[in-house]
Amino acid sequence: TFNINDFQANAKKMSFTACKIVNDYKPTWEIKAQKAVYNEKDSEVALYSSWLEVKGVPILWTPYFSFSNLDFIRKAGFLTPSYENNSLYGYGAIVPFYVPLGDSQDILIETHSFTGSNPLFLGNYTGYIEDGSFSSSFSFVNKQFKQGQIDEQTRWHAFFYGQKDLSDTWRA
């Protein structure tokens, strides 16, 4: 079922894929949901009780999932986390958070949390101007643990980079 009111469209039992469908052929992947709400004012699609299917097999379920529509409006929010395991710091997760600052600037902040160390915080700032760009990166960790030993130093870094086009040939 599908209904539209004001700036919102609702659908029940929907599916989405970017795969080409030919002769009722099952797509390689698709996202299915019990309910989908498209909010035109926020340019956002929200899926409720949704899951990812690969070759018809359910792989991942989530109670809520949202994404911007194809108009591509940048929004603040968490990005896909990644998971790691190594012999020095153990099991861990890296969780990025994105913050747009207007049309030409943004910040990406990452938290690295591992079983064998204190959290590490990383950040990147990027900005673009008419004839150049600039960026900075920073990190911070307090009293790093390494294989059961405590390194008492607080560690951090900060880097800055800028570029300006002086002409079609020269940059500074």
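See the structure printed just above.
Residues numbered from 1 in each chain as written. Predicted model: local features only at pLDDT ≥ 70, side-chain atom pairs only at ≥ 80, totals over all residues. Heavy atoms only, no water.

1. Here's the deal with the overall build of the protein
Turning to step 1, where the next piece is worked out: Each helix and strand counted, the protein has zero helices and 14 strands in total.
Turning to step 2, where the next piece is worked out: In sequence order, the protein lays out its α and β elements as β-β-β-β-β-β-β-β-β-β-β-β-β-β.
Turning to step 3, where the next piece is worked out: Buried residues in the protein amount to 23% of all 172 residues.
Turning to step 4, where the next piece is worked out: Restricting the contact set of the protein to residue pairs at least 6 apart, pairs at least 24 apart contribute 28%.
Turning to step 5, where the next piece is worked out: Here the protein has roughly 12500 Å² of accessible surface; of this, 58% comes from carbon and sulfur atoms. (Helix = DSSP H or I, 4+ residues; strand = E, 2+ residues; numbered from the N terminus. Buried < 20%, exposed > 50% of the residue type's maximum accessible area, 1.4 Å probe, protein only. Contact = heavy atoms within 4.5 Å. Areas by Shrake-Rupley, 256 points an atom, 1.4 Å probe, with all protein chains shown as cover.)

2. Re the nonpolar core
Turning to step 1, where the next piece is worked out: One finds Ala11, Ile31, Ala33, Ala36, Val45 and Leu47 forming the largest nonpolar core, which totals six residues.
Turning to step 2, where the next piece is worked out: Elements with a contribution of two residues or more to this core: strand S3 (29-39) and strand S4 (44-54).
Turning to step 3, where the next piece is worked out: For Ala33, the contacting residues outside a window of four places in its chain are Lys13, Met14, Leu47, Tyr48, Ser49, Ser50 and Trp51. (Core = buried A, V, L, I, M, F, W, Y, C linked by side-chain atoms within 4.5 Å.)

3. With respect to the side chain of Glu30
Turning to step 1, where the next piece is worked out: Within the secondary structure layout, Glu30 lies in strand S3.
Turning to step 2, where the next piece is worked out: On the basis of relative accessibility, which here comes to 7%, the residue Glu30 falls in the buried class.
Turning to step 3, where the next piece is worked out: Beyond its immediate sequence surroundings of up to four residues, Glu30 is in contact with Ser15, Phe16, Thr17, Trp51, Leu52 and Glu53.

4. Digging into the environment of Ile59
Turning to step 1, where the next piece is worked out: Position of Ile59 relative to the elements: it lies in strand S5 (residues 57-68).
Turning to step 2, where the next piece is worked out: Taking the relative accessible area as the measure of exposure, Ile59 reaches 56% and is therefore exposed.
Turning to step 3, where the next piece is worked out: Distance in space between the C-alpha atoms of Ile59 and Trp29 is 10.0 Å, their sequence separation being 30 residues.
Turning to step 4, where the next piece is worked out: With residues near it in sequence (within four places) discarded, Ile59 still touches Leu52 and Val54.

5. Some words on a nonpolar patch on the surface
Turning to step 1, where the next piece is worked out: Judged by side-chain polarity, Val54, Val57, Ile59 and Leu60 come together as a nonpolar surface patch covering roughly 360 Å² of accessible area.
Turning to step 2, where the next piece is worked out: If one sorts the elements of the nonpolar patch by residue count, S5 sits on top with three residues.
Turning to step 3, where the next piece is worked out: Structurally, Val54 is set in strand S4. (Patch = residues over 30% accessible without salt bridge, like charges linked within 9 Å, V, L, I, M, F, W, Y side chains within 5 Å. Salt bridge = Lys/Arg side-chain N within 4 Å of Asp/Glu carboxyl O.)

6. Some details on the pairing of S3
Turning to step 1, where the next piece is worked out: Two elements, S3 and S4, share 10 bridges in a ladder whose sense is antiparallel. Looking at the pairing, Asn39 lines up with Glu44 of S4.
Turning to step 2, where the next piece is worked out: Once S3 ends, the chain turns through four residues before running back antiparallel as S4, passing Ser43 with a positive phi of about 55°. (Pairing = 2+ DSSP bridges.)

7. A short note on the packing of aromatic side chains
Turning to step 1, where the next piece is worked out: Using the criterion set out here, one finds seven aromatic pairs in the structure.
Turning to step 2, where the next piece is worked out: For the pair Phe78 and Phe97, a centre-to-centre distance of 4.8 Å together with 70° between the ring planes defines the contact as edge-to-face. Note that Phe78 is positioned in strand S6 (residues 77-78) and Phe97 in strand S8 (residues 90-100), a separation of 19 residues in sequence.
Turning to step 3, where the next piece is worked out: Here the aromatic cluster, defined as three or more aromatic residues joined through ring pairs, consists of Phe16, Trp29, Phe65 and Phe67.
Turning to step 4, where the next piece is worked out: A cation over an aromatic ring shows up here: Lys35 above the ring of Tyr48, its NZ or CZ 5.5 Å from the ring centre. (Phe/Tyr/Trp six-rings, centres within 6.5 Å; stacked < 30°, edge-to-face > 60°. Lys NZ or Arg CZ within 6 Å of the ring centre and 35° of its normal.)

8. A short note on the pattern of salt bridges
Turning to step 1, where the next piece is worked out: Applying the stated criterion across every chain yields a total of five salt bridges.
Turning to step 2, where the next piece is worked out: In this structure, Lys32 and Glu30 form a salt bridge, with 4.0 Å as the shortest nitrogen-oxygen distance.
Turning to step 3, where the next piece is worked out: Each of the salt bridges in this network shares a partner with another, and the network as a whole consists of Glu30, Lys32 and Glu53.

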